[in-house]
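Architecture and fold: a report
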Amino acid sequence: MSVEWYLVVSALVFAIGAGGILVRRNPLVILLCLELMLNAGNLALVAFARAHGNQDGQIFALIVMVVAACEVAIGLGLIVAIYRRKLPIDVDELRELQG
Amino acid sequence: MAEVFFFLAAIGALAGAIGTVALRNPFYSVLALVCHLLSLAALFLLLRAEFVAAAQVIVYVGAVMVLYLFVVAYVGGAEDPIRSAGSPSLRWASALFAVALFAELSIAVLGTGLTVLGEEGAGYFAGFGTPAQIGQLLLTDFLLAFEVASILLLIAAVGAVILARRRTGLEDPREISVADLMRTGSRDRTTGGEAGTMIEAGGPPQR
């Protein structure tokens, strides 16, 4: 399989994730869509690493995984904090930070 | 043979991605994402990235997704009515944007004159992408990134604990226990309790 196929799959997953962030209002699902986009980036990185026969792209993908794990921990902490304050779990109704 | 596995994994990945976005119940969305991540791990294996595939399965599917499932179960994943994004026009605009983004990405990637694109990929040596190789790179060429990642993980862990703890102070040491948290949480909900606002978050104990 040539590398283009992997890149097309990666672009498709990225577009699906971006569309999902725009469509959904539940912050949990928005975090999931963020994961989709990060994974699409990972797939492209690993595909290029294979194309060049160089492992640096795989290291980059691992670091992206670390960043994604941190983002998930903070995001889920925020959602639990929102839930404890009995605020609606809905990004359209959480407007207090807009001033 | 590789083609068959590629198409199986790619279809699984795309189906999982679409399921994540389209399913209404967040619980099912998480399960669809697990399917997506497993298919992606298969794609990584096809690309000779053994260690990344293993980390994907262990870290993502094993740890991060379980954390998601616990939070969805705790928050009680309110069914998202699919009239989601306010008006239907906004939803169509979002879909249009996604399609346009895909077209643009495809043009940007495939339209360039990258010489690697048409080929199977460069030759690789024995042991390409194995834990030994990755570990050696992480501890030599990419030592700084490795250390920064560890500090980032520490900060995120501390931040998550601070964000998710109870805000009303900890005079009573029993409040730390999870069962107690659940009980007080449900009692507050039934009595309606003092409705919190964002401003109180992190403020002094409300008595």
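Not measured: the values here are computed from a predicted model.

Looking now at the nonpolar core. Side chains of a nonpolar character, in soluble globular proteins, are inclined to be buried together. Counting 71 residues, the largest nonpolar core has Val13, Leu43, Val46 and Ala47 of chain A together with Leu43, Phe44 and Val52 of chain B as its most contacted members. For this core, the secondary-structure elements that each account for two or more residues are helix H1 (3–23), helix H2 (27–52) and helix H3 (56–84) of chain A together with helix H1 (2–22), helix H2 (26–46), helix H3 (50–75), helix H4 (88–110) and helix H6 (143–164) of chain B. In terms of residue count, the dominant contributor to this core is H2 of chain A (16 residues). Among all residues touching Ala47 of chain A, those that are not within four sequence positions of it are Val3, Tyr6, Leu7 and Ser10 of chain A together with Leu47 of chain B.

Attention now moves to H1 of chain B. Its 21 residues give H1 of chain B an end-to-end C-alpha distance of 30 Å, which sits within 8% of 30 Å, the value for a rise of 1.5 Å per residue. Residues of H1 of chain B that are buried: Ala9, Ala10, Ala13, Gly16, Ala17, Thr20 and Val21 of chain B. Along the axis of H1 of chain B, the buried residues cluster in a sector spanning 130 degrees; they form a single face. Opposite the packed face of H1 of chain B, turned more than 90 degrees from it, sit the exposed residues Glu3, Val4 and Ile11 of chain B. Buried residues along H1 of chain B sit against H1 and H2 of chain A together with H2 of chain B.

The subject of this paragraph is the packing of H3 of chain A against H6 of chain B. Where H3 of chain A meets H6 of chain B, the axes come as close as 8 Å, and the angle between the chain directions of the two elements is 10 degrees. Viewed along their axes, H3 of chain A and H6 of chain B adopt a mutual orientation that is roughly parallel. Each of Ile63, Val66, Val67, Cys70, Ala73, Ile74, Gly77, Leu78, Val80 and Ala81 of chain A in H3 of chain A lies in contact with H6 of chain B, whose residues at this interface are Ala145, Ala149, Leu152, Leu153, Ala156, Ala157, Gly159, Ala160, Leu163 and Ala164 of chain B. Split by residue class, the contact of H3 of chain A with H6 of chain B holds 18 nonpolar, two polar and no charged.

Turning to unusual backbone geometry, a few remarks are in order. All names here are of chain B. At Arg48, a position not held by glycine, the phi torsion is positive, near 65 degrees. Position of Arg48 among the secondary structure elements: in the loop between H2 and H3. A residue is classified by how many C-beta atoms lie within 10 Å of it, and Arg48, with 20 of them, is buried.

Before going further, it helps to examine the interface of chain A and chain B. Interface size is often expressed as the accessible area that is lost when the parts come together. With 64 residues of chain A at the contact, the number on the chain B side is 76 residues. At the level of secondary structure, the elements contributing two or more residues to the side of chain A that touches chain B comprise H1, H2 and H3 of chain A.

Here we come to the environment of Leu67 of chain B. Looking at where Leu67 of chain B falls in the secondary structure, it is placed in helix H3. With 15 C-beta atoms counted inside 10 Å, the residue Leu67 of chain B sits in the partly exposed group. Apart from residues no more than four positions distant in its own chain, Leu67 of chain B is found in contact with Val72 and Leu76 of chain A.

Our focus in this paragraph is the confidence of the model for chain B. Residues and elements named next belong to chain B. Averaged over chain B, the pLDDT score is 80; the fraction of residues at 70 or greater is 71%. Note on residues 190–203: pLDDT under 50 across the span, and 12 contacts to partners over four residues away in sequence or across chains. ipTM for the predicted complex: 0.91, alongside a pTM of 0.80.

Calculation rules
Residues numbered from 1 in each chain as written. Chains lettered and ligands numbered in written order. Predicted model: local features only at pLDDT ≥ 70, side-chain atom pairs only at ≥ 80, totals over all residues. Core = buried A, V, L, I, M, F, W, Y, C linked by C-beta atoms within 7 Å. Buried ≥ 20, exposed ≤ 12 C-beta atoms within 10 Å, placed from the backbone. Helix = DSSP H or I, 4+ residues; strand = E, 2+ residues; numbered from the N terminus. Contact = placed C-beta atoms within 7 Å. Expected span 1.5 Å × (residues − 1). Arc of directions from axis to C-beta. Axes fitted to C-alpha atoms, helices over the stretch in contact; angles between N-to-C directions. Parallel < 35°, antiparallel > 145°, perpendicular 65-115°, else oblique. Nonpolar A, V, L, I, M, F, W, Y, C, P; charged D, E, K, R; others polar. pLDDT = per-residue confidence, 0-100.

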